[in-house]
Every structure is written in C-alpha cells, then in structure tokens.
Amino acid sequence: MTMKIAILPGDGIGTEIMAEAVKVLNVLDLKFEMETAPVGGAAYEAKGHPLPESTLQLAKDADAVLFGAVGDWKYDKLERSLRPEQAILGLRKHLGLFANFRPAICYPQLTHASSLKPELVAGLDILIIRELTGDIYFGQPRGRRTAVDGHFPGADEAFDTMRYSKPEIERIAHVAFQAARLRNKRVTSVDKANVLETFQFWKDVVSEVHQQYPDVELDHMYVDNAAMQLVKAPKKFDVMVTGNMFGDILSDAAAMLTGSIGMLPSASLDKNNKGLYEPSHGSAPDIAGKGIANPLATILSAAMMLKFSLNQPEAAARIEAAVDAVLSQGLRTADIWSEGTQKVGTREMGDAVVAAITTTTKTIKG
Ligand code: IPM
Ligand code: MG
C-alpha cells in the first residue's frame, strides 16, 4: 500500500530541514507518494494566502502531513488573517488536530547542552500533551472595541475569549491517560483553577475522566508552579496535560531543558490518529539558507509519523536508532555543538542519518 504524505516545508529553515527528512524517508524501502505544497509566508508570496485551498486539500487527502515551520518577521505588518502563523492554526482547526504530543527527551549524548545542571536533566523523558484546537487561541468572541466598563470606559480595548467545552476536555484527558499507560502511568494536569473559571472546569472534568483510569496516578498543578517545577526538578514529571496556551508556553520551556529545541519532534493528531508532524522549533529566519539548521527534529518527526499515523513502528525505530548513532559518532549541528564534538551542517547531518540507516539495513540483510 502506498502511503500519501503531504510535504509542507514552509518558511525560513523549513525547506532545508524538510529536504533531509524526505531523504531519510526515501531510504526506508517503503512506498510513499509525497507531494509538496507551499504554506505560510511562502504560500502568501506564491498564492496570496498562508494556507491556500490547494494546500489544505492536499493535507486533507493525505494519510499524514509533514510540516516544516512557518513565520518571518517580514510578515509582521500583514493583517492577522494573512500572517504565516495562520497556516498552522488553520491546519490544526480544519483537520481537527486537537491532540498535540510534545516529548522532551534529553539524549545522554547531549546532557551538557542543557542550560540546567546535567544531573537535573540526565535521563529526562517527559511528554507534554497540549490541547490544540480550543482555549483562548480559538475562543470566540474576540476583537477590538470601545470599552463600556472596566478601568477605562470609553478607551479602545482588545479582548479574546478563554473557553473549553466538556467534550473538548474529556477527549484530551483520555489521550493523556492512555499515553501515560504506555509510560510511567503518571499524569499531571496543569491548570489555573485558583483564578480562572475555565480551568476550574478543566480540573473537574479531568478528575472525572480519571475515574476510568484507576491504574494511572493523577495530580493537579497550577501553571505557574508547573513552570517553576519544570526548571527545578523536571524529572518529576511523566505526562503533563494542559490547555492550548499553557501548553504552548510550557512546551518551549521543557524543550529547552533538553539542550536544544532543534532535537524535538511533535505530533498533532485528530480523533482517528491522522496527524500533522512538525519539529517543535520555529522557522529561524536568522539562520535560513545558511545550511546550519539542525534537521534532527524534523527527521524524528518523520519517525513519529511512521509510528502514529502510518503504522510502521519498525521503520520509525530505525530512524530513531540512526539518530542515536550519529549523536554517538559525535556529529553535531551548531545548536548542539560543544567542545570535542564535530560540527556539521544540515545536509551532512541528514547524510549521516541516511548512512546510519543504510548500514544497519545492510547488516540486517547480511
Ligand atoms: C507552536 C507555535 C504556534 C502556537 C504559533 C506559530 C502559532 O508557537 O506550535 O507552539 O502558538 O501554537
Ligand atoms: Mg509555541
């Protein structure tokens, strides 16, 4: 069976890192039909919209979507609906990708790249599950108006709406408890129940769903404390589940614990496990075109795609083993380089992963 993958490289370093992931997919002896389409600023330039209808359709028709990154400061002045970020927000919304998996794993080879003390992060393996299609990101109403009350009636004001319905919280809670069952069976639900009605409700609903998972341990933590604990004792966590905005913030912090956001993949899944896979990092326009970006997060995102959406766990494991091998060989892109290791560019890193995969294949086949 041929697997259809929509390839959406996007902006900045997106095209460079995607080329390496595609190269890796192509040496796996699997049948893929890959089609590329513009997204983000690149799509705005080519077609006048960050998420053109043809790109959205391609993503809908595919078995999985591999996404690079979008965004560039040069689009900051565009009206909101035309900015590159709308592409990823639109894909999440139109494909119903409500469950976002953001693992933060500290590779033993990279313990010293972390800004935290090595003993705090050695062996770190946490999974942040972020609700991705609700909360203040998508809540209506939102907009600008003249204030009729508050501290300054008559002044211009802007507002967004934080809201969650019960089924939205229930389904992400199920995802978190089920993911925890495959790990250390502990879930921390992150909220702001001491202040926000939405997150008191979140906490109540997560507790209710928890009744169906007596084998999984649940605790609740306020988001400010969670941020503190992440930098104080991150290994205390197993699975964290939280809303869209808190998840956005905490997942960046968690990513950095591991030494480099350039290493971390992510998956955004719909209710049938169809998904969009993207590196956790952004488009890094400052280093775009220089051939120095780390392609490993995108390569590992392709592995996640094989595992979660395409039912190819063995191929995924081969990619993961190859990444581990190149790190053990001492190869490092600039973001994870340290004294005593060998600095390589984007393409060399991709080539090394390909070589590691093909050598193991030869060994297996004899
Ligand atoms: C992320 C990004 C996006 C978000 C932006 C690009 C819209 O920061 O995926 O974390 O805020 O969700
Ligand atoms: Mg973010």
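Residues numbered from 1 in each chain as written. Chains lettered and ligands numbered in written order. Predicted model: local features only at pLDDT ≥ 70, side-chain atom pairs only at ≥ 80, totals over all residues. Heavy atoms only, no water.

A. Region of the structure containing the site of ligand 1. Taken together, E85, R92, R102, R130, Y137 and D248 make up all the residues around ligand 1. Here an oxygen atom of ligand 1 and a side-chain polar atom of R102 are 2.8 Å apart. Between ligand 1 and R130, the relevant distance is 2.8 Å, taken from an oxygen atom to a side-chain nitrogen or oxygen of the residue. Protein chains bury 73% of the 320 Å² of accessible surface belonging to ligand 1 in isolation. Residues of the shell around ligand 1, tallied by class, amount to one nonpolar, no polar and five charged. (Near = heavy atom within 4 Å. Polar contact = N/O pair within 3.5 Å; in protein donor to acceptor, adjacent residues only side chain to side chain. Areas by Shrake-Rupley, 256 points an atom, 1.4 Å probe, with all protein chains shown as cover. Nonpolar A, V, L, I, M, F, W, Y, C, P; charged D, E, K, R; others polar.)

B. Representation of the pairing of strand 4 (residues 99-105) in the model. In terms of residue burial, strand 4 counts as a mostly covered element, since six of its seven residues are buried. As paired elements, strand 4 and strand 5 (residues 125-131) share seven bridges and run antiparallel to each other. Note on strand 5: the bridge partner recorded for F101 is I129. Bridge count between strand 4 and strand 11 (residues 265-269): three bridges; the pairing is antiparallel. Across the sheet, F101 pairs through a bridge with A267, a residue of strand 11. (Buried < 20%, exposed > 50% of the residue type's maximum accessible area, 1.4 Å probe, protein only. Helix = DSSP H or I, 4+ residues; strand = E, 2+ residues; numbered from the N terminus. Pairing = 2+ DSSP bridges.)

C. Local environment of the domain arrangement of the protein. Along its sequence, the protein is carved into domain 1 (1-98 + 270-366) and domain 2 (103-260). Just the C-alpha atoms count here: the centres of domain 1 and domain 2 sit 24 Å apart. Between domain 1 and domain 2, the residue contacts involve 16 residues of the former and 15 residues of the latter. Carbon and sulfur atoms supply 66% of the area that domain 1 and domain 2 bury against each other, a total of about 1400 Å² over both sides. Between the two partners, domain 1 and domain 2, sit zero salt bridges. Between the two partners, domain 1 and domain 2, sit four residue pairs in polar contact (both at pLDDT 80 or more). Only helix 4 (85-94), helix 10 (296-308) and helix 11 (313-328) provide two or more residues apiece to the side of domain 1 that touches domain 2. (Domains from an automatic or database assignment. Contact = heavy atoms within 4.5 Å. Buried area = accessible area lost by both parts, 1.4 Å probe. Salt bridge = Lys/Arg side-chain N within 4 Å of Asp/Glu carboxyl O.)

D. Representation of the environment of T36 in the model. Following the sequence through the fold, T36 ends up in strand 2 (residues 32-36). Take T36: its relative accessible area is 54%, and that puts it in the exposed class. Put simply, T36 and I7 are 29 residues apart on the chain and 4.5 Å apart in space, counted from C-alpha to C-alpha. In this structure T36 touches I7, P9 and L58, once residues within four positions along its chain are discounted.

E. Geometry of the packing of helix 1 (residues 14-25) against helix 10. At their nearest, the axes of helix 1 and helix 10 sit 8 Å apart, and the two run at 45° to each other. Considered as vectors, helix 1 and helix 10 are oriented oblique to each other. Regarding helix 1 and helix 10, the two cross each other, and that crossing is right-handed. Two secondary-structure elements touch here, helix 1 through I17, M18, E20, A21, V24 and L25 and helix 10 through T298, I299, A302, M305 and L306. Residues of the contact of helix 1 with helix 10, tallied by class, amount to nine nonpolar, one polar and one charged. (Axes fitted to C-alpha atoms, helices over the stretch in contact; angles between N-to-C directions. Parallel < 35°, antiparallel > 145°, perpendicular 65-115°, else oblique. Left-handed = near helix turned anticlockwise from the far one by under 90°.)

F. The nonpolar core, seen in detail. Ranked by internal contacts, the top residues of the largest apolar core, which has 87 residues, are L66, F101 and I129. A domain split of this core shows at least three residues from each of domain 1 (1-98 + 270-366) and domain 2 (103-260). When neighbours within four sequence positions are excluded, F101 is seen to be in contact with L127, I128, I129, V175, A179, P265, S266, A267, L269, M304 and F308. Core analysis: the second largest hydrophobic core is formed by 18 residues, V39, L58, A62 and L95 among them. (Core = buried A, V, L, I, M, F, W, Y, C linked by side-chain atoms within 4.5 Å.)

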